[in-house]
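Per-entry structural report
Residue strings, one per chain:
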Amino acid sequence: MGNKKNRENRKETKVEISGKVMMTREGYAFIASGIGEDDIFVPARKLRGALHGDMVRVAVFGKRGGQRKEGEVVEIVERSKRPHIGVLQVTGGQAWVITEGKNMPYDIIIPFEESLREHNGKKVAAIVDDWSRHSDEPSGHIIDILGLPGDNNTEMHAILTEFGLPYKFDPQVEKDAANIPEKITADEIKRRRDFRGITTFTIDPVDAKDFDDALSLKKLDGGNWEVGVHIADVTHYVVPGTALEKEALDRATSVYLVDRTVPMLPEKLSNRLCSLRPKEEKLCFSAVFEISEKGHVLKRWFGRTVINSDYRFTYEEAQDVIETGKGPLANEILKFHELATILRQERFRRGAISFERPEMKVEVDKDGKPIHVVQKISKEANWLVEEFMLLANREVASLIGMPGSGKKAKTFVYRIHEEPNMDKIEAFRTFINHLGYNMRPTNSPRELSGEINNLLAVAKGKPEEGAIEIMALRSMARARYSIENMGHYGLAFDYYTHFTSPIRRYPDMMVHRMLAHYLDNGKSMDAQVYEDRCKHSSEREQLATEAERASIKYKMVEFMQDKVGNTYDGVISGITEWGMFVELAETRIEGLVSLRDIKEDYLEFNEESFSLKGKSSGQTFVLGFPVKVKVTRANLEQKQLDYALIWDESWGDPTGNSGPSSRGPRDSSRGGSSRGGSSRGGSSRGGSSRGGSSRGGSSKGGASKGGTSKGGTTKDGSSRDGSTTSRSERNSRSSSQNSFGTRGGGNSRGRSSGNSRGGSQRSSGNR
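An account of the accompanying structure is given in this report. (Residues numbered from 1 in each chain as written. Predicted model: local features only at pLDDT ≥ 70, side-chain atom pairs only at ≥ 80, totals over all residues. Heavy atoms only, no water.)

**Topic: the overall build of the chain**
In terms of helices and strands, the chain carries 17 helices and 33 strands. Each of the 767 residues in the chain was classed as buried or not, and the buried ones make up 55%. Sequence separation of 24 or more characterises 69% of the internal contacts of the chain that already satisfy a separation of 6 or more. Summed over its atoms, the accessible surface of the chain is roughly 32,700 Å², and 47% of this surface lies on carbon and sulfur atoms. (Helix = DSSP H or I, 4+ residues; strand = E, 2+ residues; numbered from the N terminus. Buried < 20%, exposed > 50% of the residue type's maximum accessible area, 1.4 Å probe, protein only. Contact = heavy atoms within 4.5 Å. Areas by Shrake-Rupley, 256 points an atom, 1.4 Å probe, with all protein chains shown as cover.)

So, in structure tokens, the structure goes:
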């Protein structure tokens, strides 16, 4: 009777939605529909062969037991074209790619060719083509041979390939670049405003290879200042219809990995023709302002120029001039610093949000081996450059977006950052209340930004500072490109665009072309064409950011490999129902302490307060809480670190465990869909669980796949480091990487209150 009633309720609440599959290493998935606050949970047995990134139709059955909505895939609308990375294994007359990604729990069958034998054991990229109902695994084809596992170039290329990012240029693109004339003609100079006689300089990181922006300063009669923001004139060299233009649009951005830059355009452009090197004549597109001593912009001019930079500063050199008042171009640097300070203060007065979370940098040697992890310090010299880049971006956007009384704004590309969702803000208020902080009620988004700034100031220097800033960031929208101007909330600008880095961002190239067109009184450009390009650019930017984070994670884990067994001080940076993430105090390298490994007490997760509490000791663990941990495992394949909590006697001395001595993963099944228990609708491969049992136990046509470790687990079930921890346990954290506030309404997959480092980088001030 009860079963009949359940079937009737399910039928009544069933609806169908379309969305993208977000798969976990354990085999279950969530479907992001984009139409509601909750992602739809789908057990592995109900995915019907759908994989990560696929577009699917899902039948949704409503919430089960008061939890999230659950569904079942009814159709795979489109297979993802994103490649999977793994190691090629050729045995007998069969071939597989043994996958490594955190979103891929299955290996891929590859049609056998004799030529594959020479690449056996190499890391490859493969795309899934199909998954037959009669097969335990999907089938696909190899698109790239990346090299030997563990080699630095192989691993960096694997990261780029995984995110669909190129790591080399097509020969035609290189040929087009090589054919660009380097000489600037006298006729070209005549068509431009000449700044060669005005003091001009660049300020960039010490290891920068391209200098795409410069500043100039000139004292005007009457006491005001002429400030020039000079940007490399990339669109002079990159012409529509060429292979160079197509490549720039396809890539849309440069990519910055730990040990290399993958430029949007070939080196001849990025490091030579469009690099504003000192003592060389260079073509620019400039924004020139007349600014008063009090920092007010009185006049503005935009157009093409020619410059000759007098000096190249590193940030450290410019900072030394600011601090000592001495050095090259000291008068100019100090005046810029004075004006930048005024602009910065005014921006925060108007409601800009001050996110200044420390950024860590992995330093590598010539072979790409990590040797140091250091904090990148941002000081006045960095702010000096930033303020004038922000000024140019803002003024260009307002020129086109605010054309004057009675005129309609022409199509333009804006960098927008929408106002935060109030549901997310309320969830953030609840979060900080549990940490003992409060924000006063606000009546407008601008008042809210002031309260957030006050909160960040009060928390500064305290253990919970990082957690509060991360969660504040996650309550914000993500900045993106659009032809619809919505302002930039984080910067407190009504109009904002990206004009200042066309050598590394395609949207800036669009802005340069549109601005030049409109300055020549051109008609409004095709709105749909530019909206499509904005969407593409935003998507490519996100992929590049994810690849950068993946490279940082990889190098941080590599850095920690020889430190297994060491103990460190740290703070809790994330909390889930199965563990706590801990960030080391000195390097901010994050790892997971699994609750199942804590024997001193049974810790219970409180979802409302995002805390863990010992059942016997009563000890409470919250974000920002100081702890000491031991490094127990560094898994390069998964880019993950495992830590063990060192129990402090002051937390209490529980007598015996309140819970079982070995608990299963807190969320390993998520509705009964463990990775091994349901391979393709419930049948395990040869009876072997993928959660740590034998990989070689099932003979596939007589060819055993054992011998290649997957996620650190060998064919006999023991891990490489001698432990017997299953891959299912170790990768349960994959669902926690989109934690509190990353999706609508504060809902999170895996209900994590903590943070993946990835989410912390989404600064609302992303220029």
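**Overview of the sheet that holds strand β17 (residues 281-291)**
Judged by pairing direction, the sheet is mixed, and its seven strands sit side by side in the order β11-β18-β17-β14-β13-β12-β19 without closing on themselves. The open sheet has two edge strands with one neighbour each: β11 (193-194) and β19 (311-314). Lying over the sheet, helix α10 (residues 380-401) contacts β12 (200-204), β13 (213-219), β14 (225-232), β17 and β18 (297-308), oriented at roughly 105° with respect to β18. (Pairing = 2+ DSSP bridges. Axes fitted to C-alpha atoms, helices over the stretch in contact; angles between N-to-C directions.)

**Some details on the packing of helix α9 (residues 330-349) against α10**
One way to put it is that α9 packs onto α10 with a least axis distance of 9 Å and a crossing angle of 65°. The orientation of α9 relative to α10 falls into the category roughly perpendicular. Regarding α9 and α10, the two cross each other, and that crossing is left-handed. Taking contact as the criterion, the partners of I333, F336, H337, L339, A340, L343, R344 and R347 in α9 are, on α10, E380, W383, L384, E386, E387, F388, L390 and L391. Among the residues forming the contact of α9 with α10, the class breakdown is 10 nonpolar, one polar and five charged. (Parallel < 35°, antiparallel > 145°, perpendicular 65-115°, else oblique. Left-handed = near helix turned anticlockwise from the far one by under 90°. Nonpolar A, V, L, I, M, F, W, Y, C, P; charged D, E, K, R; others polar.)

**Quick word on the pattern of salt bridges**
Applying the stated criterion to the full structure yields 44 salt bridges. When the shortest N-O distance is used, the salt bridge between E75 and R57 registers 2.8 Å. Of this pair, E75 sits in strand β5 (residues 69-78) while R57 sits in strand β4 (residues 55-63), and the two are 18 residues apart along the sequence. Owing to a relative accessible area of 27%, R57 belongs among the partly exposed residues under this scheme. One salt bridge in this structure joins E387 and R344, with 4.0 Å as the shortest N-O distance. With E387 in helix α10 and R344 in helix α9, the pair connects residues that are 43 residues apart, well separated along the chain. You can call E387 buried: its relative accessible area is 4%. If you follow the salt bridges from partner to partner, you end up with E188, R191, R192, D233 and R304 in one network. (Salt bridge = Lys/Arg side-chain N within 4 Å of Asp/Glu carboxyl O.)

**Details of the pairing of strand β6 (residues 84-91)**
Among the eight residues in β6, seven count as buried, and that is most of the element. Of the strand pairs in this sheet, β6 and strand β9 (residues 123-130) are connected by four bridges, and their pairing is antiparallel. Bridging across to β9, H84 finds its partner in A126. The pairing of β6 with strand β7 (residues 94-99) spans six bridges and is classified as antiparallel. Bridge pairing links T91 to Q94 in β7. Two successive antiparallel strands, β6 and β7, enclose a turn made up of two residues, where G92 displays a positive phi of approximately 60°.

**Regarding the environment of I342**
Within the fold, I342 resides in helix α9. For I342, a relative accessible area of 25% translates into the label partly exposed. Measuring from C-alpha to C-alpha, the distance between I342 and K294 comes to 7.2 Å, with 48 residues separating the pair along the chain. Not counting chain neighbours up to four residues away, the residues in contact with I342 comprise E293, K294 and G295.

**Overview of the nonpolar core**
One finds I203, V229, L265, L269, F388 and F499 to be the most contacted residues of the largest nonpolar core, which totals 81 residues. Aside from chain neighbours lying at most four places away, what touches F499 is I231, F285, S286, A287, A392, N393, V396, D508, V511, H512 and L515. Core analysis: the next-biggest nonpolar cluster, separate from the first, contains 68 residues, M360, L543, I575 and L595 among them. (Core = buried A, V, L, I, M, F, W, Y, C linked by side-chain atoms within 4.5 Å.)

**Examining helix α13 (residues 465-474)**
Burial analysis of α13 places nine of its 10 residues in the buried class, which makes it a mostly covered element. Regarding α13, the residues found buried are G466, A467, I468, E469, I470, M471, A472, L473 and R474.

**Observations regarding the sheet that holds strand β24 (residues 567-575)**
Taken in spatial order, the five strands of this closed barrel run β24-β25-β26-β31-β30, and their pairing is mixed. Averaged over all pairs of adjacent strands, the angle between strand axes in this sheet comes to 55°, irrespective of strand direction. Contacts from helix α15 (residues 527-560) reach β24, β25 (579-584), β30 (626-635) and β31 (640-645), with the element oriented near 95° to β30.

**Describing unusual backbone geometry**
Among all residues save glycine, negative phi is the norm, and among peptide bonds the norm is trans. Positive phi values are uncommon outside glycine, yet R588 reaches one of about 60°. Among the structural elements, R588 can be located in the loop between β25 and β26 (590-594). At K639, a residue that is not glycine, the phi angle is positive and equals roughly 55°. By the element assignment, K639 lies in the loop between β30 and β31.

**What to know about the environment of M476**
With respect to the helices and strands, M476 occurs in the loop between α13 and β23 (480-482). Judged by its relative accessible area of 1%, M476 is buried.

**Digging into the packing of aromatic side chains**
Applying the stated criterion to the full structure yields 19 aromatic pairs. Ring centres 6.0 Å apart and planes at 85° place the aromatic pair Y28 and F30 in the edge-to-face group. Judged by relative accessible area, which is 0%, Y28 ranks as buried. Classification of F30 by relative accessible area gives buried; the value is 1%. Put simply, the rings of F201, Y311, F313, F336 and F388 touch in pairs and so form one group of aromatic residues. Note that R193 overlies the ring of W301, its terminal NZ or CZ placed 4.7 Å from the centroid. (Phe/Tyr/Trp six-rings, centres within 6.5 Å; stacked < 30°, edge-to-face > 60°. Lys NZ or Arg CZ within 6 Å of the ring centre and 35° of its normal.)

**A closer look at a negative patch on the surface**
Judged by side-chain charge, E316, E317, D320 and E323 come together as a negatively charged surface patch. By secondary structure assignment, the location of E323 is in helix α8 (residues 315-324). For E323, a relative accessible area of 52% gives the class exposed. (Patch = residues over 30% accessible without salt bridge, like charges linked within 9 Å, V, L, I, M, F, W, Y side chains within 5 Å. Lys, Arg positive; Asp, Glu negative; His and termini not counted. Charge placed at Lys NZ, Arg CZ, Asp CG, Glu CD.)

**Description of the pairing of strand β2 (residues 29-32)**
Residues A29 and I31 of β2 are buried on one face, and the alternating residues F30 and A32, pointing to the opposite face, are buried as well. Both strand β1 (residues 15-23) and β2 contribute to a ladder of four bridges, which runs antiparallel. Of the residues in β2, the one forming a bridge with M22 is F30. The loop that links β1 with its antiparallel partner β2 comprises five residues; one of these, G27, has a positive phi angle of about 105°. The pairing of β2 with strand β3 (residues 40-42) spans three bridges and is classified as antiparallel. Bridge assignment links I31 to a residue of β3, and that residue is I40.

So far we have only geometry, and geometry alone does not tell us how the molecule works.
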